[in-house]
Amino acid sequence: MNTRSISPAAGPLTGAGLWPASWTPILLLVPVFVALATVSVYPIINGFWLSFTNTSLALQQSDFVGFENYVSMWGDPLFWNAWYHTVYFTLVSTLLETILGLGMALLLYEPFTGRSIVRAAMLVPWAMPTVVTSKMFGWLFDGQHGLINYLLRSVGLISENVNWYGSVDNALGTIIFADVWKTAPFMALLILAGLQTVPKSLIEAAHMDGTNAWQTFWHIRLPLLLPTMLIAGLFRALDAFRVFDLVYVLTGGGPGDSTEVLSTLSYKTMFSTLQFGYGSALSTAMFITEALLALGFGFFIVRQMRRQG
Amino acid sequence: MMRSETFRKLFVYAGAILIVVWSGGPFIWQFLTSLQQDAALTAETPSFWPSPLTFEHYYNVFFVKQFQYYILNSIIVAGLTTLLCLVVGALAAFSLSRLEVKNRFGILGLILSVSMFPQIAIVGPLYLIASNLGLLDTYLGLIITYLALGLPLVTWVLFGYFETLPREIDEAARMDGVGPIGLLVRIILPMSLPSLVTTGLLAFIAAWNEFMFALAFTSTIDHQTIPVGIANFTNLYYQPWGDISAASVVVTVPLVALVLIFQRHIIEGLTQGAVKE
């Protein structure tokens, strides 16, 4: 075979000779980089810059003010209120979704007829637009004619209708419930994928040794599943941290400020009061919190994996 | 022994039914709601079976709220976004998987890390940029934004799939004098059809469902997408639950149908990135 006649990597056909062959790999990567640079990287840097200005579309101003926005944010009870709700929402919903997802995954791991139907049904909440989910839960949990109130009254759990998302005490819980409904099945699929990588021989060996189902779960499956669950949990937490649609559509941050989260607060600051400078400071603070969350979580995952060897 | 086996079966089936009811129940209630008259919806006891059956909410959705415009906008925006995502993502994934690129995993990591940013951090600056360029309330403004938001996932999943294709075909193509572009277009892409369909569907669903950017960037029915249309159904004092339910059914059923048809691929595509290391 005469290998010399074959040009390495790229032949003369490459790009019809419009560019040197060695450029091809780079040229193919250009579109993705241009798109990400203009729509993600540049706006992030720009937002960081805006957070040091008093940019307001209403007042038509844009002057450098240094750390002024950050100083007023530090003393802003609305910011801390939203910060607290965001962290609370992230922790509680991620925890519930992981536990519920694990339960669903363990169940779906068992072979039974109709299993693929159940798996398919679990994708329905995930595929639904979040705005539709919000409206759907708005109707289900409606304080006057909602089905949930009716069902709970029928079985005697409540004696009169509860104002779910319309009361300061229940609103955040209702939003968390809606989020768990939408996302727990998805967590189940991720955990299920991890479960399928647990060697069957290990489980069988355990059965031979006479361990019961609970012991098998606690000592074999769970430790092996832990990396998957932690990574899925991390992705979920990062996603939960930026919750917007559910809150904005279901309660709009209310009643009062009882469900305001960082996303809705920054959004309203920018698009309702048109204070882009202060709004950018809020979203930058959110970005920093999320980065710290990811770092902390990532550090924890690495340590856990090291410990397992 | 036999007894515990039956007990286990019973437990599994009960759990399975619970999951199906939990996942499908709310949507079925939404569907039943869309077929009931307003009087039935505000009655003391809710009726599960629509009687009398009515299609007035569907009539309202299309003839009063002009919902078909939102649907058209969403089809155009999500469709073009998907197409562009696949083209740009495939070029990048091919380059990273098949050509000589230094530090390919560094580049992949960089692309993925971009998707980790909270989107609220870019909506303000992007709004100002779009405003300066005259891209507010246009399809193009939304499509460019969604393209960048969808690319990390599309590139990652396609890269993962391309990596599973045997390297021998590259050699064979080179022997035949086919260049890299020819290899991608004539060999790799046709072989990747299942992955392209899944990835495209994921990009489509993401664009179809996106709310925040659509809310910020569009202001008229000429370019607003479905989520914005549904969010705007409510006026200050009254929630038209019947109409909202009908609209929800109209936008969710096609999506659910697609997801059910491609469910096996979707589950594979989604779990691949998260679990494989």
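This structure is a prediction, so every number in the text was calculated from the model and none was measured.

A. Up close: the UniProt feature "transmembrane region" (unreviewed entry) in chain A. Residues and elements named next belong to chain A. In this numbering, the UniProt entry assigns the feature "transmembrane region" (unreviewed entry) to residues 26–45, 82–108, 120–141, 171–195, 216–238 and 276–302. Strand forms 0% of residues 26–45 and helix 100%; the C-alpha atoms that close the span are 24 Å apart. The distance from the first to the last C-alpha atom of residues 171–195 is 35 Å, and the span holds 100% helix and 0% strand.

B. Representation of the nonpolar core within the structure. Trp126 of chain A together with Phe67 and Val123 of chain B are the most contacted members of the largest nonpolar core, which has 164 residues in total. No other element matches the 14 residues that helix α7 (residues 171–195) of chain A contributes to this core. Sequence-distant contacts of Val123 of chain B, that is, excluding residues within four places in its chain, are made with Met270 and Phe271 of chain A together with Met212, Phe213, Ala216 and Phe217 of chain B. Core analysis: the second largest hydrophobic core is formed by 5 residues, Leu230, Ile231, Leu234 and Leu238 of chain A among them.

C. Region of interest: the environment of Ala37 of chain A. All names here are of chain A. Following the sequence through the fold, Ala37 ends up in helix α1 (residues 24–50). In sequence terms Ala37 and Ala291 are 254 residues apart; their C-alpha atoms lie 19 Å from each other. For Ala37, the residues in contact, after removing those within four places along its chain, are Tyr42 and Pro43.

D. Structural context of the environment of Leu108 of chain B. Residues and elements named next belong to chain B. Looking at the element boundaries, Leu108 is found in helix α5 (residues 104–114). As a C-alpha pair, Leu108 and Lys9 span 99 residues in sequence and 45 Å in three-dimensional space. Setting aside residues up to four positions removed in sequence, Leu108 forms contacts with Leu96, Trp156 and Phe159.

E. How the structure looks around the interface of chain B and chain A. In this assembly, 95 residues from chain B lie in contact with 90 residues from chain A. For the pairing of chain B and chain A, the buried interface totals around 8100 Å² over both sides, and the portion due to carbon and sulfur atoms is 80%. If you sort the residues of chain B by the area they bury against chain A, Trp22, Ile120 and Trp241 of chain B come out on top, with a joint share of 9%. Viewed at the interface, chain A and chain B are joined by 1 salt bridge. Its salt-bridge partner being Glu110 of chain A, residue Arg8 of chain B comes within 2.3 Å of it at the nearest N-O pair. For the pair chain B and chain A, the interface holds 9 residue pairs in polar contact (both at pLDDT 80 or more). Considering every element that reaches the side of chain B that touches chain A, the biggest residue donor is helix α1 (residues 2–34) of chain B, with 15 residues.

F. Structural context of unusual backbone geometry. Geometrically, the link from Gly254 of chain A to Pro255 of chain A is a cis peptide bond, its omega value of -5° lying close to zero. A positive phi angle is found at Gln66 of chain B, which is not glycine, with a value near 55°. Tracing the backbone shows Gln66 of chain B in the loop between α3 (56–64) and α4 (67–98). Using a relative accessible area of 28% as the deciding quantity, one classes Gln66 of chain B as partly exposed.

G. Quick peek at the confidence of the model for chain B. All names here are of chain B. Per-residue pLDDT for chain B averages 88, and the proportion of residues at 70 or more is 95%. Per-element mean pLDDT across chain B ranges from 67 in helix α14 (residues 263–275) up to 96 in helix α11 (residues 212–217). Among the prediction metrics, the complex's ipTM stands at 0.89, with pTM recorded as 0.89.

H. The arrangement of the side chain of His85 of chain A in detail. With respect to the secondary-structure elements, His85 of chain A resides in helix α3 (residues 77–109). The residues contacting His85 of chain A, other than those within four sequence positions of it, are Leu172, Asp257, Ser258, Thr259, Glu260 and Val261 of chain A.

I. Examining the pattern of salt bridges more closely. Residues and elements named next belong to chain A. Using the criterion set out here, one finds 9 salt bridges over all chains in the structure. Two residues, Asp179 and Arg236, come together in a salt bridge whose shortest N-O distance is 2.7 Å. Taken together, the positions of Asp179 in helix α7 and Arg236 in helix α9 (residues 213–241) put the pair 57 residues apart, joining distant regions of the chain. Overall, Asp179 belongs to the buried group, its relative accessible area being 6%.

What counts and what doesn't
Each chain carries its own residue numbering, running from 1 in the written order of its sequence. Both sets of labels track the order of writing: A upward for chains, 1 upward for ligands. Per-residue local features of the predicted model are confined to residues with pLDDT of at least 70, and side-chain atom pairs are confined, for both listing and counting, to 80 or more; whole-chain, interface and lining totals are unaffected and use all residues. Calculation of side-chain values draws on the structure's entire complement of heavy atoms; hydrogens and water are dropped beforehand. UniProt positions are given in the numbering used here, feature names are shortened, and annotations may be inferred rather than shown by experiment. Put simply, DSSP H or I for four residues or longer makes a helix, DSSP E for two residues or longer makes a strand, and each gets a number counted from the N terminus. Residues belong to one nonpolar core when they are buried, are Ala, Val, Leu, Ile, Met, Phe, Trp, Tyr or Cys, and are joined through side-chain atoms within 4.5 Å. Burial classes: relative accessible area under 20% of the type maximum marks a residue as buried, over 50% as exposed, and values in between as partly exposed (1.4 Å probe, protein chains only). The contact criterion used throughout is that any non-hydrogen atoms of two residues lie within 4.5 Å. By buried area we mean how much accessible surface two parts lose on assembly, using a 1.4 Å probe and totalling the loss over both. By salt bridge we mean one thing: a side-chain nitrogen of Lys or Arg within 4 Å of a carboxyl oxygen of Asp or Glu. Distance and chemistry together define a polar contact, namely a pair of N or O atoms within 3.5 Å, with one atom able to donate a hydrogen and the other to accept it when in protein, and with adjacent residues in sequence counting only for side-chain atoms on both sides. The score called pLDDT rates the predictor's confidence residue by residue, from a low of 0 to a high of 100.

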